[in-house]
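Structure at a glance
Residues per chain are reported as follows:
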Amino acid sequence: MKKGVMRPGHVQIRVLDLNEAVKHYVELMGLIEMDRDQEGRVYLKAWTEVDKYSVILRESYEPGMDFMGFKCTSEEVVEELRKELLARGCEVEDIPEGDLKDCGRRVQFRAPTGHLFELFATKEQTGKWGVGDHNPEAWPRGLSGMRASRFDHCLLYGPNLPETLDLFSSVLGFDLAEQVVAPDGTRVAQFLTVGMKAHDVAFIHNDEPDKFHHASFFLETWHDVLRAADLLSMTDTAIDIGPTRHGLTHGQTIYFFDPSGNRNEVFAGGDYHYPDHPPVTWDADELGKAIFYHDRQLNERFLTVLT
Amino acid sequence: MSVLVALEVTSGSEITLREDESLLRSMERSCFMLPKIGCKGGGCGLCKVQVLSGEYELGKMSKKHVSELDKLNGKVLACRCYPKSDLTFNVNTTNR
């Protein structure tokens, strides 16, 4: 049941060197630098996004994800969900308006996987970059590199998948769109959606909590994925795997690393989900095909390299 | 300038180094099979080696995987290690 959570709104990523990271996310991936704050954080957006930013980069001694934020339909929804989180026994932290630039109050909570999430409803809207919303052209000229069109989802590794699914479905209104199930019935991967997309956030079981597998960005076509791969080779950027297709969600994909070792994905296509659709299930002994549909074999790096 | 060489002591392999190239990149280019290659960005810790002798400069690395003590002991990530002289190193590090 929908509870008023709309979509992934932003992700804050820790990087070892801010300048190298900005170059990667802006020049190579095609995000647009929108602002910086007194803490030195850099705010980026992809061109089709209406809100001012979706990616925040923060320099740190250790890479990884600080938090992922979901945008809600109203401040009243944020307040109601805050109450429900508290009633469940979740610790919540209230972050005042303006802590993130041009963003309203945020309610942070830690999922049983160890990851920090937050809910918010208000952020400055600057409109689709370069085209706006009045007689808009098809796309803006002047985009760099891969021309990523939106921040799409994160894949996170951690323990306590059943508790996390229950929290996200019963409190936040996410649906289980796709899952990987072991022979003993244990769910080892869960792909959750809060709209029609194949996933808005995904979790894979891992004993160590709070690990970041990747942040993913949407491209329009398979050709754009191939072109992204070309750009990765041109810039000698570390590729994890691809271009290929996923079995899970059936998206066309390539994985690579930012200069601090955080994994990124750009992908095109993929399935959709309606609330009446039962979850799609993959058997764990088909995991190779589920993740890499053509190789049908996992590379160890995909499972073990995390930040 | 003479060509710099790195000697990996466990295998006895010699790897030709290039200026401004990380030790990991030199190993990849030489088709020297490291046990593990991860993110190549100093973030995941998989390519940790122990440098036994030689001079090198270091890029930024996650402190979760390389402590200050590790650095003093030459335990560094090959992807962020830029040799400035001939090196000897070991792909096997103890106390990973």
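Each value, and the rule that gives it
Residues numbered from 1 in each chain as written. Chains lettered and ligands numbered in written order. Predicted model: local features only at pLDDT ≥ 70, side-chain atom pairs only at ≥ 80, totals over all residues. Heavy atoms only, no water. Buried < 20%, exposed > 50% of the residue type's maximum accessible area, 1.4 Å probe, protein only. Helix = DSSP H or I, 4+ residues; strand = E, 2+ residues; numbered from the N terminus. Pairing = 2+ DSSP bridges. Contact = heavy atoms within 4.5 Å. Buried area = accessible area lost by both parts, 1.4 Å probe. Salt bridge = Lys/Arg side-chain N within 4 Å of Asp/Glu carboxyl O. Core = buried A, V, L, I, M, F, W, Y, C linked by side-chain atoms within 4.5 Å. Domains from an automatic or database assignment. UniProt positions renumbered as here; feature names shortened; annotations may be inferred. Axes fitted to C-alpha atoms, helices over the stretch in contact; angles between N-to-C directions. Parallel < 35°, antiparallel > 145°, perpendicular 65-115°, else oblique. Left-handed = near helix turned anticlockwise from the far one by under 90°. Nonpolar A, V, L, I, M, F, W, Y, C, P; charged D, E, K, R; others polar. Phe/Tyr/Trp six-rings, centres within 6.5 Å; stacked < 30°, edge-to-face > 60°.

**Thoughts on the pairing of strand 16 (residues 263-268) of chain A**
Looking along a regular strand, one sees side chains alternate from face to face of the sheet. All names here are of chain A. Here strand 16 lies mainly inside the structure; 6 of its 6 residues are buried. Residue alternation in strand 16 divides its side chains into two sets, R263, E265 and F267 and N264, V266 and A268, and both sets are buried. One ladder, built from 4 bridges, connects strand 13 (residues 211-218) with strand 16; its direction is parallel. Among the inter-strand pairings, S216 is bridged to a residue of strand 16, identified as E265. Alignment of strand 15 (residues 252-257) against strand 16, held across 6 bridges, turns out to be antiparallel.

**Quick notes on the interface of chain A and chain B**
In this assembly, 21 residues from chain A lie in contact with 17 residues from chain B. The junction of chain A with chain B conceals about 1,300 Å² of combined surface from both sides, 53% of it contributed by carbon and sulfur atoms. When the area that chain A buries against chain B is broken down by residue, the three leading residues are L16(A), Y61(A) and E62(A), summing to 29%. Run the count over chain A and chain B and you get 4 salt bridges.

**Some words on the nonpolar core**
If you look at soluble globular proteins, the nonpolar side chains tend to sit buried side by side. Core analysis: the largest hydrophobic core is formed by 63 residues, its most contacted members being L57(A), F117(A), F168(A) and V201(A). Among the elements that take part in this core, helix 1 (residues 18-28) of chain A stands out by supplying 6 residues, more than any other. Taken together, domain 1 (5-120) and domain 2 (153-304) of chain A each give at least three residues to this core, which thus spans both. Not counting residues up to four positions away in its chain, the partners in contact with F117(A) are M68(A), F70(A), V107(A), Q108(A), F109(A), A111(A), L156(A), F168(A), V201(A) and F203(A). One finds L4(B), A6(B), C81(B) and F89(B) within the second-largest nonpolar core, a separate group that totals 22 residues.

**Observations concerning the UniProt feature "domain: VOC" (unreviewed entry) in chain A**
Residue and element names in this part refer to chain A. The UniProt entry lists residues 7-122 and 150-269 under the feature "domain: VOC" (unreviewed entry), expressed in the numbering used here. Secondary structure across residues 7-122 comprises 21% helix and 40% strand; the distance between its end C-alpha atoms is 13 Å. With 20% helix and 46% strand, residues 150-269 has end C-alpha atoms that lie 13 Å from one another.

**Observations regarding the packing of helix 2 (residues 75-87) of chain A against helix 3 (residues 161-171) of chain A**
All names here are of chain A. Between helix 2 and helix 3, whose axes approach to 11 Å, the crossing angle comes to 140 degrees. By the criterion of interaxial angle, the relationship of helix 2 to helix 3 is oblique. Once helix 2 is placed against helix 3, the crossing between them reads as right-handed. Residue-level contacts link L81, E84 and L85 of helix 2 to L167, S170 and V171 of helix 3. Partitioned by chemical class, the residues of the contact of helix 2 with helix 3 number 4 nonpolar, 1 polar and 1 charged.

**So, the pattern of salt bridges**
Residue and element names in this part refer to chain A. Applying the stated criterion across every chain, the model contains 37 salt bridges over all chains. Note that D35 and K101 form a salt bridge whose closest N and O atoms lie 3.0 Å from each other. Here D35 is found in strand 2 (residues 32-36), whereas its partner K101 is found in the loop between strand 6 (92-95) and strand 7 (106-110), with 66 residues between them in sequence. Beyond isolated ion pairs, a larger network of salt bridges with shared partners links D35, K52, K101, D102 and E124.

**Thoughts on the packing of aromatic side chains**
All names here are of chain A. If you walk through the whole model with that rule in mind, you get 14 aromatic pairs over all chains. When the ring of F70 is compared with that of F117, the centres are 5.9 Å apart and the planes differ by 20 degrees; the resulting orientation is stacked. Here F117 lies in strand 8 (residues 116-120) and F70 lies in strand 5 (residues 64-72), a separation of 47 residues in the sequence. Classification of F70 as buried rests on a relative accessible area of 0%. Ring centres of F168 and F203 lie 5.5 Å apart, and the angle between their planes is 65 degrees; on these two criteria the pair is classed as edge-to-face.

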